[in-house]
Amino acid sequence: MKRTAMILCCIMFVLAFSAAGVFLSFTEEESALPSWFSDPELENGYILSSADDFLRFAEMISSGLDFSGKTVYLTSPIELTVIESAGGSFRGSFNGLGNSMTMLSDSKTALFESAEGATFCDLEIIINEGVRLLQDEFGGVLINSAVNSEFNRITVRGSAEFTYADASLEGSPLISGMIAGYAEYSEFINCACFTGCGGDAGVFAGSAVGSAFENLYSSCGGALVSNKGECSFENILACAPVSETDGVMVLSESELSPAEIVLLLNAGGEEKDYFSEWYVDGEGMPALHMHRAVAAMTNPTCTEKGSVTYSCGCGEILLKYETAVIEHSYGDGSIVEPTCTEEGYTL
């Protein structure tokens, strides 16, 4: 009886830890994972610093690891010539730290296939001229399908053309968006699109249900969302005709200066009490301040840990973690002979 009770307790313990996301499903491949995955000093967080890192990250999501309760940080800009989607469902946080992801070639997929309860922030996506995005049911640049997720301070630049991956579907209506293909009960806050939307693509989403769009800027024409149901729009400025009216101000070039546009967008952010800082860039266009990370490092010694701090010019500390102490250095044991004025010693 005691043995049975003990076994049941062990099973419950394992199930509880598994549900909490403590156990990872890559123990057999641990040696093949990049260094950011197994870094013990960065608790509940992982670092991407190259295109190869992102491709490995995408493979892990496709294999079933959802990163629930974890944060993935992009610590440097990356350029993707080969794009493999994170094919499973991402449920963590993806913080771009103000860095960019540039799509250099045609892609059969978005950067992420799907997300549930996820957060994406401080990320710039750049689409190289002439890039085609091949889609199935829904097509997005950042993500194909999102449920209960948040997109905050996301900027998309460049021009993309959406088309079906299956040639037999050509001529059917495309459901595509420059950030998300499909969004359900999700939030788009402080985002901007400076891009050309090919075909019938929505500026921010192809199709959306029960989602909120707040404090956004668009220089694209067309619909902010191609197909929508029970969505809300608030404090959105568009410099080209769009199909939405409530909560959207459509501007002609003569109506408001870039400085006035920036004032309106910042006022909307203050009213909602979330971080929002728009400004006029060097080309005279409204631009969104994202938290852009600059790294500062303190090297460890044999007695004290070091540290890595990523902070933004606005003063916000975005990421900070300690690095392990280094081993004592005892020398090679060689002997320095004494002289008539100094004592000898051993290295």
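Residues numbered from 1 in each chain as written. Predicted model: local features only at pLDDT ≥ 70, side-chain atom pairs only at ≥ 80, totals over all residues. Heavy atoms only, no water.

A. Main features of the overall build of the protein chain. Helices and strands together make up the secondary structure of the protein chain, namely four helices and 27 strands. Taking all 347 residues of the protein chain together, the buried fraction comes to 45%. A sequence separation of at least 24 residues applies to 59% of the contacts in the protein chain between residues at least 6 apart. Accessible area for the protein chain stands at about 17600 Å²; split by element, carbon and sulfur atoms hold 51% of it. (Helix = DSSP H or I, 4+ residues; strand = E, 2+ residues; numbered from the N terminus. Buried < 20%, exposed > 50% of the residue type's maximum accessible area, 1.4 Å probe, protein only. Contact = heavy atoms within 4.5 Å. Areas by Shrake-Rupley, 256 points an atom, 1.4 Å probe, with all protein chains shown as cover.)

B. Focus on the sheet that holds strand β24 (residues 306-311). Read across the sheet, three strands follow the order β23-β24-β25 without closing on themselves; strand pairing throughout is antiparallel. In the strand order of this sheet, the two ends are held by β23 (294-298) and β25 (317-323), each with one partner. Pairs of neighbouring strands in the sheet enclose a mean axial angle of 15°, with direction left out of account. Sheet analysis places β23 next to β24, joined by five bridges and oriented antiparallel. Residue pairing across strands places M297 opposite V308, the latter belonging to β24. (Pairing = 2+ DSSP bridges. Axes fitted to C-alpha atoms, helices over the stretch in contact; angles between N-to-C directions.)

C. A look at the nonpolar core. Within the largest apolar cluster, 55 residues are counted, with the highest numbers of intra-cluster contacts made by F94, F112, F120 and F213. Sort the elements by how many residues they give to this core and strand β11 (residues 150-164) lands first, with five residues. Discounting residues that sit within four places of it in the chain, F120 has contacts with F90, F94, F112, A115, L142, I143, E150, F151, N152 and I154. Within the second largest apolar cluster, ten residues are counted, among which are A192, L237, I261 and L288. (Core = buried A, V, L, I, M, F, W, Y, C linked by side-chain atoms within 4.5 Å.)

D. Spotlight on the side chain of E124. By the element assignment, E124 lies in strand β7 (residues 119-127). A relative accessible area of 11% means that E124 is categorised as buried. At 2.6 Å, the side chain of E124 and the side chain of R157 are in polar contact. For E124, the residues in contact, after removing those within four places along its chain, are N99, S100, M101, T155, R157, M290 and R292. (Polar contact = N/O pair within 3.5 Å; in protein donor to acceptor, adjacent residues only side chain to side chain.)

E. Quick peek at the pairing of β24. For β24, a buried count of five out of six residues is recorded, marking the element as mostly surrounded by other parts of the structure. Two strands pair when backbone bridges link them, and β24 and β25 are joined in this way by six bridges, in the antiparallel orientation. Paired with S307 across the bridge in β25 is E322. Counted between consecutive antiparallel strands, the loop separating β24 from β25 contains five residues, among which G315 sits at a positive phi close to 100°.

F. Focus on the environment of A115. Locating A115 in the fold gives a position in strand β6 (residues 112-116). For the pair A115 and G92, spaced 23 residues apart in sequence, the C-alpha to C-alpha distance is 8.5 Å. In this structure, A115 is in contact with S89, F90, F120, I143, S145, A146, V147 and S149, ignoring residues within four places of it in sequence.

G. Geometry of the packing of aromatic side chains. One pass over the full model with this rule turns up 19 aromatic pairs. When the centroid spacing of 5.2 Å and the interplanar angle of 70° are considered together, the rings of F57 and F67 count as edge-to-face. Note that F57 is positioned in helix α3 (residues 51-62) and F67 in the loop between α3 and β2 (71-74), a separation of ten residues in sequence. Overall, the relative accessible area of 0% leaves F57 in the buried class. Between the NZ or CZ atom of R157 and the centre of the ring of F194, over which it lies, the distance is 4.4 Å. (Phe/Tyr/Trp six-rings, centres within 6.5 Å; stacked < 30°, edge-to-face > 60°. Lys NZ or Arg CZ within 6 Å of the ring centre and 35° of its normal.)

H. Spotlight on unusual backbone geometry. At L97, a position not held by glycine, the phi torsion is positive, near 50°. Within the element layout of this structure, L97 appears in strand β5 (residues 93-103). Despite not being glycine, N148 shows a phi value in the positive range, around 50°. The residue N148 is located in the loop between β10 (143-147) and β11 in this model.

I. Here's a closer look at α3. Here α3 spans 17 Å end to end across twelve residues, near enough to the 16 Å set by a 1.5 Å rise per residue. Turning to α3, its buried residues number three or more, namely D53, F54, L55, F57, A58, M60 and I61. Positive backbone phi, at 115°, marks G64, one or two positions downstream of α3. (Expected span 1.5 Å × (residues − 1).)

J. Focus on the confidence of the model for the protein chain. In the predicted model, the protein chain carries a mean pLDDT of 75, and the fraction of residues at 70 or more is 70%. Mean pLDDT values over the elements of the protein chain span from 41, in helix α1 (residues 2-19), up to 94, in strand β14 (residues 187-189). The low-confidence segment residues 1-33 (pLDDT under 50) makes 19 contacts with residues lying over four places distant or belonging to another chain. (pLDDT = per-residue confidence, 0-100.)

K. Representation of the pairing of β5. For β5, the buried fraction is high: ten of the eleven residues fall into the buried class. Two elements, strand β3 (residues 78-80) and β5, share three bridges in a ladder whose sense is parallel. Bridge pairing in β5 links L80 to M103. Across eight bridges, β5 lies against β7 in parallel orientation. In the strand pairing of β7, M101 is matched with I125.

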